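Tertiary structure, described
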Amino acid sequence: MELLHALVIDPIGAIADNPEFLLEVVIGGLLTGVMYSLVALGFVLIYKASGIFNFAQGVMVLFAALCFVGQLQLGMPLVMALLSTVAIMIALAFVIERVVLRPLVNQEPIILFMATIGITFFLTGLGQLVWGGDVKTLDIGLPKDPLIIGGVLVNEFDLTAAAVAGLLVAGLALFFQKTSIGRALRAVADDHQAALSVGIPLKTIWVIVWSVAGIVGLVAGIMWGTNLGVQFSLALVALKALPVLILGGFTSIPGAIVGGLIVGAGEKVAEVFWGPAFGGAIEDWFAYVLALVFLLFRPQGLFGERIIERV
Amino acid sequence: MTFIKSAICALAGATALCGGFAAAAWAQNEQFIPRLVYRTGPYAPNGIPFADGYADYLDMLNARDGGVDGVKLVYEECEDGYNNDKGVECYERLKGKGPTGAALVDPLSTGITYALIERATADKVPIVSMGYGRADASYGPVFPYVFTYPVTYWEGADAIITYIAQQEGGVAKLKGKKIGLIYHDSAYGKEPIATLEKLAQLDGFTFEKFPVSPPGIDQKATWLQIRQKRPNWMLMWGWGVMNSTAIKEAAAVGYPMDHFIGIWWSGAEPDVAPAGKAGIGYKAAVFHGTGTDFGVIRDIKHYLYDKGQGKTKVDKIGEVLYVRGVINALYDMEALHTAHKKFGNKPLTGEQVRWGLENLDLTAARITELGAEGLIAPMKISCENHGGHGLVRMQQWDGAHWKYASDWIEPHHDLLDPMYKASALAYAKEKNITPRDCSKTQS
């Protein structure tokens, strides 16, 4: 009976008593979900184009943010620091393609995945070696004040993050749909061999896609870094992106966005209304449980490509 | 083939010989200090300054005095990443080093402290959990090898509630108030709960708990709950990124910062700096002074930084966690000095250092001699009391510096000492430990 109270009667009662609060929690969760999506997008881009699950995406977020804030602290103007960091991330993509990916062409995906673990350790060490291990404050003037809209609390920063994510997705959609490089990327994502046979240079495509993932990482790093300060913990936001990917599908950009929104809202509602039944602090594992439930019914995720095995 | 074999044999011989030389080197007048540190990972911003402060103090003593009472100090750092399993691995790797093994161990983690208590006690290596760890280990008869001085989490919780009572106009005014605790969901974060529940019962306030999954990079749901429940005061037991995130989220939901008080591990520069202006007014407990205006810090600067040595940048040496690392080392070395008086000026075993810790008597005069006047308070450790003075004061962040916000607050020993004893005796019963009779302990 106690369990029934804790799991059903109390949460439903709390929601019924204060539906405005539920709305506030859902909106807060959706806006947090956008931040998860920003990280998940980087994973999707690389997975789409190369079939590699890039374990290093979280550290790329950290590395990009470290380079950006580090240059700002050295006195570089904002725009210059931004452009310089973009250049660093493109250079990094070149190095990764030349040193890591090219020697491993035609290897099993698990080998490439292991290689990205190596990249993770390398970038973690390099970032700390060059920029130090202390927390760096990142303030580029984004608004952060709380707002009450129709009795619901939202934060200006979360709204800004949502707008940035929207712009980023729109930009990526245009890039993929309207440019020749985007078409080539989609061709590679569909079939490597067929793309090669029609003259699409796989190596160049890999450099481009890792560069784009690096730039997406920079945007995610700036948004998360503004929120948390630029420090090693930024790399851990990748853990928040994993359930988003499972849910939305590893190959779908809209999936990363919708997945982020579902995970964000779901985990916040679970934490606030069902957390007390489990002693609290359930949102991290709840996101994975939610993703696992989706896996049972749609292994490819909401928007992922259907897995068809011909025998 | 023969050549390769010969080369391998030669190499093996050389290694053995070098090993022999190394053993001989240990046998000289050196005291080995194992260092469990975290310079990488999510807790590195907090672990680095502490490790730097500790190392700088030892290096300064070696440079200034040739060590402690002429016994040179050698140390080796082992990276544990604030992980319990790695902490135990580091302890096992380092405990046998040096001519006499590890003098003592400072885990800088409540989780690692819990994991080491039985091992270190069996190995006769004292654990110094300065301002962290298992609070009931202050009861020396049950925990002969664990030292929690100068203050425990229970005392911290008690002192913060005393401070809140002062702000509200007396203990009676706490009745009907709501006090919340946002905590790192780990052994560390849960440590003050029993005390706060007891105080809630005694003082008549409502106590609300808000756990945060480590490392705590996302706390939106927690702070929405806090906003909904509207506690009059919020306490925080956080570490690493959890602290700065909590301060930012508190500001994001409009929680009054001057009613938000952290424990001493939630009150350093890396905790407030990322929050920027949002952190202004935030308060935290502290058990020591900070800054550079102390003899010991000046000596570190003179003997190390002025000579281009030192582990960090010179502008970092007055920061809270750096200074706390220095203080931890100062306490440890003073225990060695105390033990030297009984056992002679030579490398000591863990058992001998334990005697030094248990007979530590930091008088005001001795503190002045150590260049730590105003940095630490006088303290006497005994067989019965491994917890020290328990004095705590509040500090407040003004956007650039920490400023004191209260005088020293004396914990309610009459309330806490029986709690330590009862909890320790329950542990002793569970583990079949016969508590020592302190009246028979040799001093």
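The rules behind each value
Residues numbered from 1 in each chain as written. Chains lettered and ligands numbered in written order. Predicted model: local features only at pLDDT ≥ 70, side-chain atom pairs only at ≥ 80, totals over all residues. Helix = DSSP H or I, 4+ residues; strand = E, 2+ residues; numbered from the N terminus. Rg over C-alpha atoms; globule rule 2.2 N^0.38 Å. Buried ≥ 20, exposed ≤ 12 C-beta atoms within 10 Å, placed from the backbone. Contact = placed C-beta atoms within 7 Å. Pairing = 2+ DSSP bridges. Axes fitted to C-alpha atoms, helices over the stretch in contact; angles between N-to-C directions. Parallel < 35°, antiparallel > 145°, perpendicular 65-115°, else oblique. Core = buried A, V, L, I, M, F, W, Y, C linked by C-beta atoms within 7 Å. Domains from an automatic or database assignment. Nonpolar A, V, L, I, M, F, W, Y, C, P; charged D, E, K, R; others polar. pLDDT = per-residue confidence, 0-100.

1. Quick word on the overall build of chain B
What chain B contains, in helices and strands, is 15 helices and 13 strands. Rg of the C-alpha trace for chain B: 23 Å, near the compact-globule value of 22 Å for 443 residues, within the 12% margin. With respect to the principal axes defined by its C-alpha atoms, chain B has extents near 80 × 50 × 45 Å. Within the span of chain B, comprising 443 residues, buried residues form 55% of the whole. Sequence-distant contacts in chain B: of pairs separated by 6 or more residues, those separated by 24 or more amount to 71%.

2. Some words on the sheet that holds strand β12 (residues 393-397) of chain B
All names here are of chain B. Read from one edge to the other, the open sheet built from 7 strands follows the order β6-β5-β7-β8-β9-β12-β13, with strand pairing classed as mixed. One side of each edge strand has no neighbouring strand; the edge strands of this open sheet are β6 (206-212) and β13 (402-404). Averaged over all pairs of adjacent strands, the angle between their axes in this sheet comes to 30°, without regard to strand direction. Bridge count between strand β7 (residues 233-237) and strand β8 (residues 260-262): 3 bridges; the pairing is parallel. By the bridge assignment, M234 is partnered in β8 with F260.

3. Comments concerning the packing of helix α12 (residues 320-343) of chain B against helix α13 (residues 350-358) of chain B
All names here are of chain B. Running from N to C, α12 and α13 cross one another at 110°; their axes reach a closest spacing of 7 Å. With respect to α13, the axis of α12 lies roughly perpendicular. Where α12 abuts α13, its residues A335, L336, T338, A339, K342 and F343 lie against Q352, V353, W355, G356 and L357.

4. Points about the pairing of strand β2 (residues 152-155) of chain A
Residues and elements named next belong to chain A. When strand β1 (residues 146-149) meets β2, the two strands line up antiparallel, connected through 4 bridges. Bridged to L147 within β2 is V154. The antiparallel pairing of β1 with β2 creates a hairpin that spans 2 residues between the two strands, and G150 there sits at a positive phi of about 60°.

5. Considering the nonpolar core
One finds A40(A), V61(A), A65(A), V209(A), L234(A) and A285(B) to be the most contacted residues of the largest nonpolar core, which totals 239 residues. Residues from two domains meet in this core; each of domain 1 (30-151 + 290-380 + 420-440) and domain 2 (154-286 + 394-411) of chain B gives at least three. Setting aside residues up to four positions removed in sequence, A285(B) forms contacts with G156(B), A159(B), I160(B), I261(B), I263(B), W264(B), G267(B), V392(B) and M394(B).

6. Here's the deal with the interface of chain B and chain A
Between chain B and chain A, the contact holds 34 residues from the first and 31 residues from the second. Secondary-structure elements contributing two or more residues to the side of chain B that touches chain A are α2 (44-65), β6, α8 (220-229) and α9 (241-252) of chain B. The greatest single-element share of the side of chain B that touches chain A, amounting to 6 residues, is contributed by α8(B). Counted by class, the side of chain B that touches chain A contains 17 nonpolar, 10 polar and 7 charged residues.

7. Some remarks on the confidence of the model for chain B
Taken as a whole, chain B shows an average pLDDT of 92; of its residues, 93% reach a score of 70 or greater. As a predicted assembly, this complex carries a pTM of 0.88 together with an ipTM value of 0.86.

8. Examining the environment of S138(B)
Residues and elements named next belong to chain B. Structurally, the position occupied by S138 is in the loop between β3 (127-128) and β4 (146-147). Residue class for S138 comes out buried when judged on the 32 C-beta atoms lying within 10 Å of it. As a C-alpha pair, S138 and N385 span 247 residues in sequence and 5.8 Å in three-dimensional space. The residues touching S138, leaving out its near neighbours within four places in the chain, are T148, T152, N385, H386, G387 and Y420.

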